[in-house]
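Residue-level listing of the chains:
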Amino acid sequence: MPWKITKEDIRFISLGARILSCGGGGNTRSMEALILSVMKDDDVIEVIPIHVVRDDWWVTAIGIMGSTVLFNEDLPTGEEMEIGLSLYEKEYNKNVDALISIEIGGVNALAPLLLALKRRLPVIDGDGMGRAFPELYMTTLHLNGIPLAPLSLVTQDNMKFIPSSYTSDQAVHEAKSFANNNGGHSHVVGYGASGDEIKTSMLSGTLYLAYRLGKIITSYGDGIIRLKQIKNAFENSIYGELSLVIKGYVTEVSRWFENEVIVGKLFIESYTKQHNQKIEIQFMNEFFTIHNGESIYRVPDLIVFLHIDSLEPISVVDIQRAQSVIVLVIPAPNILHTTDMLTLIHMKESYQLLKKEEDQ
Amino acid sequence: MRQYTNGTSRLFVIITLISVKVVILLLSELYKSEITTIAIRFFRHYSCKIHIYFENCDRQNSTFGVLIEEKLRKNRNPIGQLFKESCSICTDLCTLTKYPDEEISMTPIRIADQIVAYLVIQSGMKNEQRYETLELIDSQLDLCKSTIEIKLQSLELERLYHETLDELQIFLQTTSDVFVLINKEDVIETTSQTFSSINEERLNVVGLNISTLMYSKDWERLKKDKVIEEVELLVNKGKATVSLRTIKSNDVTISYLIQILMDKGTVKKPIAKQTLYSFQQIKGTSHSIQKTIEKAQRVANSDSSILLRGESGTGKEIFAQAIHHGSNRSKRPFIALNCAAIPESLLESELFGHVKGAFTGSHTTRVGRFELANGGTLFLDEIGDLSPSLQAKLLRVVQERRIEKVGDNQSTPVDVRIITATHQNLEQLVQVGKFRKDLYYRLNVIPIVIPPLRDRREDIPILIEYFMKNLSKQAGKKPKRISKEVLEILLNNNWSGNIRELQNVVHHFVQLEIGELVTQKSLPTYLKDEIQSQIQLQSNHKRIYRTQPNENKEEILRLLDEFGRDTIGKKRVAKSLNISLPTLYRKLNKLRIK
């Protein structure tokens, strides 16, 4: 049945979304603060689970694209999403009945909540990625044939509508160009579809999972018990049984920018004698592969870093030498492991450190 | 220092003396700290500095000398080259080898016949005093070697002893026969894992005298005769044939190993190690299933009888297992019985057991499920199918906590927590007289209703993912994704068979779908037909609904006029329409009402 997000729940969702972002997804704290500044104490956001989504609804996906670093430097006013939705409805001549997140990992988990609050619209419990991916088209929505356009793009100073005549590739190209020319990031309203199309294309229950994870991390209790609860939460979701890869400390981090993407690698040594004594992890906006001589885990499975004491998630930006961490790997839902999806996320090309790193 | 990639790791310790160097070349990781400690203790009077290095070396080439050559080159000591010869000479001669000209003394250290280290001393003195010092150092070296070897021998014996004990433990864990090891003081040292199958009294006999297991007179007779039959065992009051082997070392008795073979007719079936579900493994985040789990968790630790209600395939046995797993009886047996699956004529015997000769075909005494579950939990599924006579007998057991085997006039106490389950309407059965009211109230102390799958559809994606992952892995199939049409069907199906039916459907398409995209083709036929008729029904409903949109708008307008169009008024309108405020705003938006 539908459930409601209260003001108190926002920080849980923010924290849980950081876990699902696998080290990327931008800084949720700014969006969290923005929502809390707008939300009254008795305000609620209605969340619609998959089976309650009406087939005849028109649903759009909401998100923010571009550089997370630049987004953090250029904080939104909170009006951008509403403007984007109004532009979409006006140009496309269609009222939107519900919203969904493009990706649950990071800031984009919170983006639709802000708009839902302002426009009194429900949010669907699900998303299009199940984690954070670097590109706008790397969604299960796109995989299932839902076109990205029509698409509205909004920054603080500018806006643009891309009509439905554009193919998804063309729309992505236009969107990137717009974002690059307008401060490096943009709010996005797109992937419009009927309720029945959305519910059969999305990854279900991810918003609720983010909420549960955030609640576990902020609860009082022994770290071992909370870690077990995190394990249970993932097992009781569309993800599955997680693996604890290593508990140890970061011995080395190297990090640099390439094409406005944070790229790098780090090493972790275990506290105890175990088979994963020392591992190397590479990242490209998100953590994407773990090596211990050979690649043992990689994207699309979720690689998550948690602080060893607080269990708070650590991003690729925040990871530092000498930090004590726990590294978990959570299996991605089946759909992300299919050949079609792996092709969509360009496994080979997107996820390897560029040659420049090897020269460094 | 050079690195070598092959061979054993070794540790060498260089103790830099005033003018003497002591080098310990260890060829094995074993006992490195003991050797080092003793050597340092012997030569500490000379020491002013100790260096410890870890290196890899090839033992055969004995290039250890080359390794330290660079270090010692400053002192112009050609110690390196000599090692190659020294080591092999040492090995051959097994003696202290001296190279006066090069001021080196060297001796091997052995455990049994295996050289585990070399002890080497090199002196840099160049005067008369040197020779006296060298003689002193040589004798120190001899003494050190002996001390180390005695110590290592003792350590080695201890290690072998523990290894043997470990091997024995492994044997005892894996053997299917019942063994007990007793020491020479007649104290039970350890038992095989299978001992629990005969240990009905559940006594912890390890560390206790053998008289816990059998009478002393029988034990004395066994030690003498080695094999005796019809020995009465005190752990189960049964009779067994026991054979004994004496374990000796140097003709001295160390311990006794006995093998126990229960006489037929008194053996209970050993309970195989059970893997039971826990609450964490019950899938679903819906409000209804989470409420049910919470209720079950709250009552798990009590001994109250629980009645699980739910349709077929909802997971009643899984809940029963989880309740047992979460209770303080979790280490005791969990025994399940489906009352509908066994013919009535056999059900009584199945539940309570029977004695030998109780009826035609009963050649041995047999324990029933109640006795098997003693101390633990008994789960009786389909309790509504129990016959009136068995209901009466069950009532007596529930009330008096004693059972009577079929054909026996004696009763046996049992300590069992009873969980029952039914998909039937027990209240109705009570009303029509098919189920005893008194038994109903005894069993229905805590009813727990497990919701059907159709009442928790938001859990369907989680269950599908779970079954797909497991079944694909088991079948060696690649991951699949579900087409929109199929997911629509799965979300909308009535699921009269609940989770079991869903699991079967997933199994069906995982096995049958060749490609990665699950299409309608790989669904069971009955499902395709079912959903077609449902879709038809739904589309009829939608047509009816679409003809009446204006009524809804008029109603909303009327209420807005009545309560007002401010936020408080809208809240009242929403309450009146039994919808949430956000839903009302959506309707206003859609109907273009300002």
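Structure's up top.
Residues numbered from 1 in each chain as written. Chains lettered and ligands numbered in written order. Predicted model: local features only at pLDDT ≥ 70, side-chain atom pairs only at ≥ 80, totals over all residues. Heavy atoms only, no water.

Draft legend 1. Expanded view of the overall build of chain A. Across its full length, chain A holds 14 helices and 16 strands. The buried share among the 360 residues of chain A stands at 61%. Here the analysis covers contacts within chain A between residues at least 6 apart in sequence; of these, 73% occur between residues at least 24 apart. Roughly 13500 Å² of accessible area belongs to chain A as shown, and the carbon and sulfur atoms make up 48% of that amount. (Helix = DSSP H or I, 4+ residues; strand = E, 2+ residues; numbered from the N terminus. Buried < 20%, exposed > 50% of the residue type's maximum accessible area, 1.4 Å probe, protein only. Contact = heavy atoms within 4.5 Å. Areas by Shrake-Rupley, 256 points an atom, 1.4 Å probe, with all protein chains shown as cover.)

Draft legend 2. Spatial organisation of the sheet that holds strand S10 (residues 239–249) of chain B. Residue and element names in this part refer to chain B. Strand order across the open sheet formed by 5 strands is S8-S7-S11-S10-S9, with antiparallel pairing between neighbours. Each edge of the sheet is formed by a strand with only one pairing partner; in this case those strands are strand S8 (188–191) and strand S9 (227–232). For this sheet the average axis-to-axis angle between neighbouring strands, irrespective of direction, equals 30 degrees. Helix-sheet contacts for helix H5 (residues 216–225) involve strand S7 (178–183), S9, S10 and strand S11 (252–262), and the interaxial angle to S9 is about 165 degrees. (Pairing = 2+ DSSP bridges. Axes fitted to C-alpha atoms, helices over the stretch in contact; angles between N-to-C directions.)

Draft legend 3. The environment of Ile35 of chain B, seen in detail. All names here are of chain B. Within the secondary structure, Ile35 is located in helix H1 (residues 32–43). A relative accessible area of 0% means that Ile35 is categorised as buried. Expressed as a C-alpha distance, the spacing of Ile35 and Val116, which sit 81 residues apart in the sequence, is 9.8 Å.

Draft legend 4. Up close: the interface of chain A and chain B. Chain A puts 43 residues into the contact, and the matching count from chain B is 33 residues. Regarding the contact of chain A and chain B, the summed buried area is about 3400 Å², with carbon and sulfur atoms giving 49% of it. Here chain A is connected to chain B by 3 salt bridges. Its salt-bridge partner being Lys484 of chain B, residue Glu197 of chain A comes within 3.8 Å of it at the nearest N-O pair. Taken together, chain A and chain B are joined by 11 residue pairs in polar contact (both at pLDDT 80 or more). Elements with a minimum of two residues in the side of chain A that touches chain B: helix H8 (195–199), helix H9 (206–218), helix H10 (223–235), helix H11 (334–337) and helix H12 (339–344) of chain A. (Buried area = accessible area lost by both parts, 1.4 Å probe. Salt bridge = Lys/Arg side-chain N within 4 Å of Asp/Glu carboxyl O. Polar contact = N/O pair within 3.5 Å; in protein donor to acceptor, adjacent residues only side chain to side chain.)

Draft legend 5. Spotlight on the packing of helix H1 (residues 10–20) of chain A against helix H2 (residues 28–38) of chain A. Residues and elements named next belong to chain A. Two elements in contact, H1 and H2, have axes whose closest approach is 10 Å; the angle formed by their N-to-C orientations is 165 degrees. By the angle between their directions, the pair H1 and H2 is classed as roughly antiparallel. For the pair H1 and H2, the sense of crossing is right-handed. For the pair H1 and H2, the contacting residues are Ile10, Arg11, Ser14 and Arg18 in the first and Thr28, Arg29, Glu32, Ile35 and Leu36 in the second. Per-class residue counts for the contact of H1 with H2 are 3 nonpolar, 2 polar and 4 charged. (Parallel < 35°, antiparallel > 145°, perpendicular 65-115°, else oblique. Left-handed = near helix turned anticlockwise from the far one by under 90°. Nonpolar A, V, L, I, M, F, W, Y, C, P; charged D, E, K, R; others polar.)

Draft legend 6. Region of the structure containing the sheet that holds strand S12 (residues 306–309) of chain B. Residues and elements named next belong to chain B. The parallel open sheet is built from 5 strands, whose spatial order is S13-S16-S19-S12-S20. Among the strands making up the open sheet, the edge pair consists of strand S13 (334–338) and strand S20 (446–449). Strand-to-strand twist across the sheet, computed as the mean angle between neighbouring axes with direction ignored, equals 20 degrees. As judged from the 4 bridges shared by strand S16 (residues 377–381) and strand S19 (residues 417–422), these two strands associate in the parallel manner. Directly across from Thr377, in S19, lies its bridge partner Arg417. Lying on the sheet, helix H7 (residues 316–325) is in contact with S12, S13, S16, S19 and S20; it crosses S12 at an angle near 150 degrees.

Draft legend 7. Structural detail: the pattern of salt bridges. Residues and elements named next belong to chain A. In total, this model carries 36 salt bridges over all chains according to the counting rule given. The salt bridge involving Asp43 is made with Arg120; its shortest N-O contact spans 3.6 Å. Here Arg120 lies in the loop between helix H5 (107–119) and strand S5 (123–127) and Asp43 lies in the loop between H2 and strand S2 (45–48), a separation of 77 residues in the sequence. Overall, Arg120 belongs to the partly exposed group, its relative accessible area being 24%. Among the salt bridges present, the one from Lys118 reaches Glu79, with a minimum N-O distance of 3.6 Å. Placement of the pair is Lys118 in helix H5 and Glu79 in the loop between helix H3 (68–73) and helix H4 (80–92), with a sequence separation of 39 residues. Given a relative accessible area of 39%, Glu79 falls into the partly exposed group. One network of salt bridges, in which partners are shared, links Glu79, Glu82 and Lys118.

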